[in-house]
Amino acid sequence: MGEVAVLGAGMHPWGKWGRNFVEYGVAAARAALTDAGLDWRDIGSVIGADTVRGGYPGYVAGATFAKALGWQGARVTSVYAACASGAQAVDAARAQILSGLADAVLVVGADAAPKGFLRPAGGDRADDPDWLRFRVLGATNPVYFGLYARRRMAVHGDTPDDFAQVKVKNAAMGALNPNARYRERVTAEEVAASPVVSDPLRLLDICATSDGGAALVLSSLEFARRHGHADPVRIRAVSTVTPRYPNTVLDLPDIATDSAVAVDPPAETFRVSIARAAYEEAGVGPEDLSLAEVYDLSTALELQWYEDLGLCGEGEGAKLLRDGATALGGRIPVNASGGLASFGEAVPAQAIAQVCELAWQLRGEAGDRQVVGARVGISANQGLFGHGAAVIAVR
């Protein structure tokens, strides 16, 4: 597909600040512009990852951020793909750059999340699977986090202590990140002593909901060179694939599996296909990675991503963790940023934040959490309703 340059990356720190999401996005955008050495008027297009909780402006986030930064005639696009919104925004920016519609694109996502569990928008929608899983099953997000954990315990023999060790690792790396919300190390004993939320997962196994913002400035390689970026971080692949029928493993918000009586299941799971598509486009494999940023909504889900990304064999995620391979200084550090364990969910921003971390790591600008010699990184997450998302960046 061709590469695009990452000229700038910026964030508004995650937390619970009690302000409008636009403020977080503008702060992140200005930080990314400064990082890129560009003026706002140099931007030819703005792509906003939407929040569906911020009232009417939340549904047109691109224009909302463009207005807040000051109307200057740029193209504008808004993208919503649940937790994959940020990666879809990056993909839309890449398409505009490679097609020649814009030389430099600002990608922004921000959210002001509610306290407690995420919930569906108001109103009765009996044909909406997300509404049904909340209202009919009472299945808040931690319910399916717990189901995934139970499945790993039953199929692979993982234990609650394996899950706790993911939190211990990510908290240690998050303690080194000034943008993280939670910056204290924890022990496995503290995880085990925290309240049960969705058995077997405890409070410290599950990410919080947070306020925060993240932004990227992407450009063509020619534009980058003209503006003094001779060797920028480059995005080499973006995967936004969907599942394949039939799906024989329950994956909420769907509340039933597909029958495999007439059609054999696909050879790989949905999340495995997300990574494979990115690897194929980039011309790299898991053995080439220096680091990975994955979507650790829960500790158990991070272990699953190890296997889905091909960092180890099926059922070997807990062993990879316990061998220290995914810690800072290990063979393949995972969530050197601290992950959602340290940040919490700010849904439209988090996939963008993952790419920000890749950019800083590949530039050697990650400070105390730097992965030595980082050259290739992958980010991976999954948005509800079949939104795959993975980005591969190289230096």
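Treat the numbers as computed from the prediction; the structure is a model and nothing was measured. (Residues numbered from 1 in each chain as written. Predicted model: local features only at pLDDT ≥ 70, side-chain atom pairs only at ≥ 80, totals over all residues. Heavy atoms only, no water.)

## Topic: the side chain of Arg133
- Locating Arg133 in the fold gives a position in helix α4 (residues 129–135).
- Residue class for Arg133 comes out buried when judged on its relative accessible area of 2%.
- Setting aside residues no more than four positions away along its own chain, Arg133 makes contact with Gly138, Ala139, Thr140, Asn141, Tyr144, Pro253, Ile255 and Leu384. (Helix = DSSP H or I, 4+ residues; strand = E, 2+ residues; numbered from the N terminus. Buried < 20%, exposed > 50% of the residue type's maximum accessible area, 1.4 Å probe, protein only. Contact = heavy atoms within 4.5 Å.)

## Quick word on the domain arrangement of the chain
- Under the domain assignment used here, the chain contains domain 1 (4–116 + 212–227) and domain 2 (129–205 + 234–394).
- Once you take the C-alpha centre of each, domain 1 and domain 2 turn out to be 24 Å apart.
- Each side of the interface is counted separately: domain 1 has 41 residues, and domain 2 has 35 residues.
- A per-residue breakdown of the area domain 1 buries against domain 2 is headed by Met11, Trp14 and Cys83, which together make up 26% of the total.
- Counting across the domain 1 and domain 2 interface gives two salt bridges.
- Salt-bridge contacts for Glu281 lead to Arg94; the nearest nitrogen and oxygen are separated by 2.5 Å.
- Counting across the domain 1 and domain 2 interface gives eight residue pairs in polar contact (both at pLDDT 80 or more).
- Tallied by class, residues from the side of domain 1 that touches domain 2 come to 24 nonpolar, ten polar and seven charged. (Domains from an automatic or database assignment. Buried area = accessible area lost by both parts, 1.4 Å probe. Salt bridge = Lys/Arg side-chain N within 4 Å of Asp/Glu carboxyl O. Polar contact = N/O pair within 3.5 Å; in protein donor to acceptor, adjacent residues only side chain to side chain. Nonpolar A, V, L, I, M, F, W, Y, C, P; charged D, E, K, R; others polar.)

## What about the packing of helix α1 (residues 21–36) against helix α2 (residues 61–69)?
- At a minimum axis separation of 10 Å, α1 and α2 run at an interaxial angle of 70 degrees. It follows from the interaxial angle that α1 and α2 lie roughly perpendicular. Read as a crossing pair, α1 and α2 show a hand that is right-handed. When α1 is examined against α2, the residues Phe21, Val22, Gly25, Val26, Ala29 and Arg30 are found in contact with a partner set consisting of Thr64, Phe65, Ala68 and Leu69.
- For the contact of α1 with α2, a count of residues per class yields seven nonpolar, two polar and one charged. (Axes fitted to C-alpha atoms, helices over the stretch in contact; angles between N-to-C directions. Parallel < 35°, antiparallel > 145°, perpendicular 65-115°, else oblique. Left-handed = near helix turned anticlockwise from the far one by under 90°.)

## A few points about the packing of aromatic side chains
- Enumeration over the complete set of coordinates arrives at four aromatic pairs.
- Both rings, one in Trp14 and one in Phe343, keep their centres 5.2 Å apart while their planes meet at 80 degrees; by these two values the pair is edge-to-face. Of the two residues, Trp14 sits in strand β1 (residues 4–15) while Phe343 sits in helix α12 (residues 339–343), which places them 329 residues apart along the sequence. Here Trp14 matches Phe343 in class, with each residue buried.
- Consider the rings of Phe21 and Phe65, whose centres lie 5.9 Å apart with planes at 80 degrees: the pair is edge-to-face. Within this pair, whereas Phe21 is found in helix α1, its partner Phe65 is found in helix α2, the two being separated by 44 residues in sequence. No difference in accessibility class separates Phe21 from Phe65, as the two residues are buried. (Phe/Tyr/Trp six-rings, centres within 6.5 Å; stacked < 30°, edge-to-face > 60°.)

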